[in-house]
Amino acid sequence: MELMGIFLLSLPFGLAILLGLALPVVFFYVSTSLTVGLFVVGVAWMGEMIGMQQPLISIGFNVFPADIPMIVLALATGTRWCFVSTSVRPTFVWVMLFLVFSVNLSWGLIANGSAAGVQARPDFYALVAAGYVMSYASSDSLNRTILRSLAWFGVAVVALCLYRWVVFYVPIPSLLPPEGVYNVDGEIRVIPSYSALVLGQLSVLGIFVARYKKSVPGVIYLVPFSLLCTLLLQHRSVWLATIVAFAVALMLARTQKSPFWQQLMLATLAVCATLAPMMMNSGISSQLSSSAQKAISGQGTVTERFNNWRVTIDLWKSSGPAALVIGRARGSDMRRIVFDSKGNRREIEYNSHNHYVNQLTNFGLAGFSLFAIVVIRAALGLFALIRRKSENADLAALMMVLLVSQLVYYIAYGGDVLQYMLLGWIYVWVRARFEIGKKEAPMSSVRRPVVDVLGRAS
């Protein structure tokens, strides 16, 4: 018993020593290996989802599941930018966006203390994830690694959904969270909407995009599961983003290897195969029907969200000239009054449920403009590559589907680590394509001598 007591007393110290030894090793590999870095992003992203965005431990302050992985990633990103000669330096626009964030955070820490750091976590980690991917030179290897990582994230999300549905509906009370449900907005919504968005994106890419199926050969087998989970989770904003992504993929079908009607038939078969077993269950079909009716009629939280956006922008506009330029100081009081669809008056503190409103109020006009520049440059560059049917047109189509689904989703929710990572990848890839084009243009304008079969110039 004495030995057991000594062991239990020494266990926290042993774990602390192991963690101290492990962190430098992890830091080295994150700084030098994209695969390890993406694994760290996945750990942070999955950790927040599994932990239901609750603190992991409290040691005078709350430590969240994503904190340690993302801090390691932030240090690795800074190291790559400053000391690794083969890394790609950050673009001017991204540096300015990070500068706006840093000034705003400093203002918030001075004015509101540690509350500013807590409020700034999601934005900081999103910027870091994008910046890390931006530090790698664009290449086929980079593209394959990111696409395969996205597929593995999807597999992990599907597995988590199946596990939680089994635990809840069997049920197994000992494995349920203390609240008894995984989401207060709906029993079947066992994961947050930003995770469901990845499943919707994978469903579209797996059906339509030839390049994705080449990079991840087994992704077609994931499609029925990802599409099934997307429907069952009943996140209506994810439904909308997925539907728009389907429409965009159909419009871009000419860039793919398969004809338009063949792709449309494949999509129809996938949807029917997914819906058929659900329609046999009256409980599930009635839930889906109810969610669809609410989405079409604008019921549920739609009215409250519109009111929330208006009130949040009014609060930002009344916070002074500095807030207009760089956003409200982090940690500022977020309490505001809104009215729901029934006219009930409510006080809320959560964010605005709109990435564009969040960007405007947290980064000000300066940050919002910089974000808009990144998105517009990426979208126009992808469109140009697709239109001219370049050798990269199929990958550009894939990225366009991802980008459009993001932008539609952002109407109802904020950004997250994984979507910002994808945005950073898309932006630097487009930028690299046009830089290569500029370098090749002068050479193509030089007249090359015509050489006959005997090697004589004319």
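Anyway, here's the lowdown on the structure attached to this text. (Residues numbered from 1 in each chain as written. Predicted model: local features only at pLDDT ≥ 70, side-chain atom pairs only at ≥ 80, totals over all residues. Heavy atoms only, no water.)

Time to look at the pattern of salt bridges. With the rule as written, the count across this model stands at five salt bridges. Close ionic contact of D123 with R330 constitutes a salt bridge, the shortest N to O distance being 2.6 Å. Residue D123 is located in helix α5 (residues 114-134), and its partner R330 is located in the loop between α14 (321-326) and β3 (336-339); the two are separated by 207 residues in the primary sequence. Among the residues examined, R330 registers a relative accessible area of 1% and is labelled buried. Its salt-bridge partner being D314, residue K317 comes within 3.8 Å of it at the nearest N-O pair. With K317 and D314 both in helix α13 (residues 302-317) and three residues apart, the pair spans about one turn of that helix. When salt bridges with common partners are traced through the structure, they connect E48, D67 and R121 into a single cluster. (Salt bridge = Lys/Arg side-chain N within 4 Å of Asp/Glu carboxyl O. Helix = DSSP H or I, 4+ residues; strand = E, 2+ residues; numbered from the N terminus. Buried < 20%, exposed > 50% of the residue type's maximum accessible area, 1.4 Å probe, protein only.)

Counting 115 residues, the largest nonpolar core has Y212, L398 and W425 as the members making the most contacts within it. Residue contributions to this core peak at 13 residues, all from helix α6 (residues 140-169). Setting aside its immediate chain neighbours within four residues, L398 contacts L147, L205, V209, Y212 and W425. (Core = buried A, V, L, I, M, F, W, Y, C linked by side-chain atoms within 4.5 Å. Contact = heavy atoms within 4.5 Å.)

The final tally for this structure, using the stated rule, is 16 aromatic pairs. Ring plane angle 20° and centroid distance 6.0 Å describe the contact between F101 and F124, whose orientation is recorded as stacked. One end of the pair, F101, is in helix α4 (residues 92-112); the other, F124, is in helix α5, with 23 residues separating them in the sequence. Judged by its relative accessible area of 2%, F101 is buried. A relative accessible area of 23% places F124 in the partly exposed class. Judged by centre distance (5.3 Å) and plane angle (70°), the rings of Y132 and Y136 are edge-to-face. Y136 gets classed as buried once you look at its relative accessible area, which sits at 13%. (Phe/Tyr/Trp six-rings, centres within 6.5 Å; stacked < 30°, edge-to-face > 60°.)

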